[in-house]
Amino acid sequence: MFLCVRTTLNIDGELLREVKASAAREGRTLTAAVEDALRESLARRRPEGSQDPVELPTFRGEGGLMPGVDLEDNASLRALLDEDVSLERRR
């Protein structure tokens, strides 16, 4: 089963420029270049002979998204996350 998810990452600007340039030279998408780099990094860290996937806990929330949250708008998501962090620091 192949599952594709959308996520937001904060990546160093210079590193992002290098990956974009490399992907463009190779005629690939940024997504493909990042996926391959992550796979290579994980493969190097995997103990030799180990192919078993790690099970991570999942948590089911109730009630869905907060009002005003738009998963297609990265800038507003980032603003909400930054706001959340600011509130936590004040406590």
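Scope of this entry: the structure provided in the associated data block. (Residues numbered from 1 in each chain as written. Predicted model: local features only at pLDDT ≥ 70, side-chain atom pairs only at ≥ 80, totals over all residues. Heavy atoms only, no water.)

1. Focus on the pattern of salt bridges
In this structure the tally under the stated criterion is six salt bridges. A salt bridge links E26 to R28; the shortest N-O distance between them is 3.2 Å. Judged by relative accessible area, E26 falls into the partly exposed class, the value being 48%. One salt bridge connects R28 with D36, and the closest N-O pair in it is separated by 2.6 Å. Judged by its relative accessible area of 31%, R28 is partly exposed. The class for D36 is partly exposed, based on a relative accessible area of 26%. (Salt bridge = Lys/Arg side-chain N within 4 Å of Asp/Glu carboxyl O. Buried < 20%, exposed > 50% of the residue type's maximum accessible area, 1.4 Å probe, protein only.)

2. With respect to the layout of surface pockets
By volume, the largest pocket is sized at about 1,000 Å³. Lining the largest pocket are 22 residues; nearest its centre among them are V5, T7, V34, E35 and L38. Looking at the lining of the largest pocket element by element, the count peaks at seven residues for helix α2 (residues 30–45). Looking at the lining of the largest pocket residue by residue, the classes come out as 13 nonpolar, four polar and five charged. (1 Å grid on protein atoms, 1.4 Å probe; cavity = no way out; pocket = protein on both sides within 12 Å on 5 of 7 lines; lining within 4 Å. Points joined across faces, edges and corners; volume = space filled by probe spheres on them. Helix = DSSP H or I, 4+ residues; strand = E, 2+ residues; numbered from the N terminus. Nonpolar A, V, L, I, M, F, W, Y, C, P; charged D, E, K, R; others polar.)

3. Regarding the packing of helix α1 (residues 13–26) against α2
Put simply, α1 and α2 touch, their axes get as near as 9 Å, and they point 110° apart. In terms of their interaxial angle, α1 and α2 are classed as roughly perpendicular. For the pair formed by α1 and α2, the contact residues are L16, V19, K20 and A23 on the first element and L30, A33 and V34 on the second. In terms of residue class, the contact of α1 with α2 is made up of six nonpolar, no polar and one charged. (Axes fitted to C-alpha atoms, helices over the stretch in contact; angles between N-to-C directions. Parallel < 35°, antiparallel > 145°, perpendicular 65-115°, else oblique. Contact = heavy atoms within 4.5 Å.)

4. Comments concerning α1
Over its 14 residues, α1 runs 20 Å from end to end, which matches the ideal 20 Å to within 8%, given 1.5 Å per residue. Two to three positions downstream of the cap, the backbone nitrogen of E14 sits 3.2 Å from a side-chain oxygen, assigning the N-cap of α1 to D12. At the C-terminal side of α1, G27 shows a positive phi close to 70°. (Expected span 1.5 Å × (residues − 1). Polar contact = N/O pair within 3.5 Å; in protein donor to acceptor, adjacent residues only side chain to side chain.)

5. Quick look at a nonpolar patch on the surface
Residues L9, I11 and L15 make up a contiguous nonpolar surface patch of about 270 Å² in total accessible area. Positionally, L9 belongs in the segment before α1. (Patch = residues over 30% accessible without salt bridge, like charges linked within 9 Å, V, L, I, M, F, W, Y side chains within 5 Å. Areas by Shrake-Rupley, 256 points an atom, 1.4 Å probe, with all protein chains shown as cover.)

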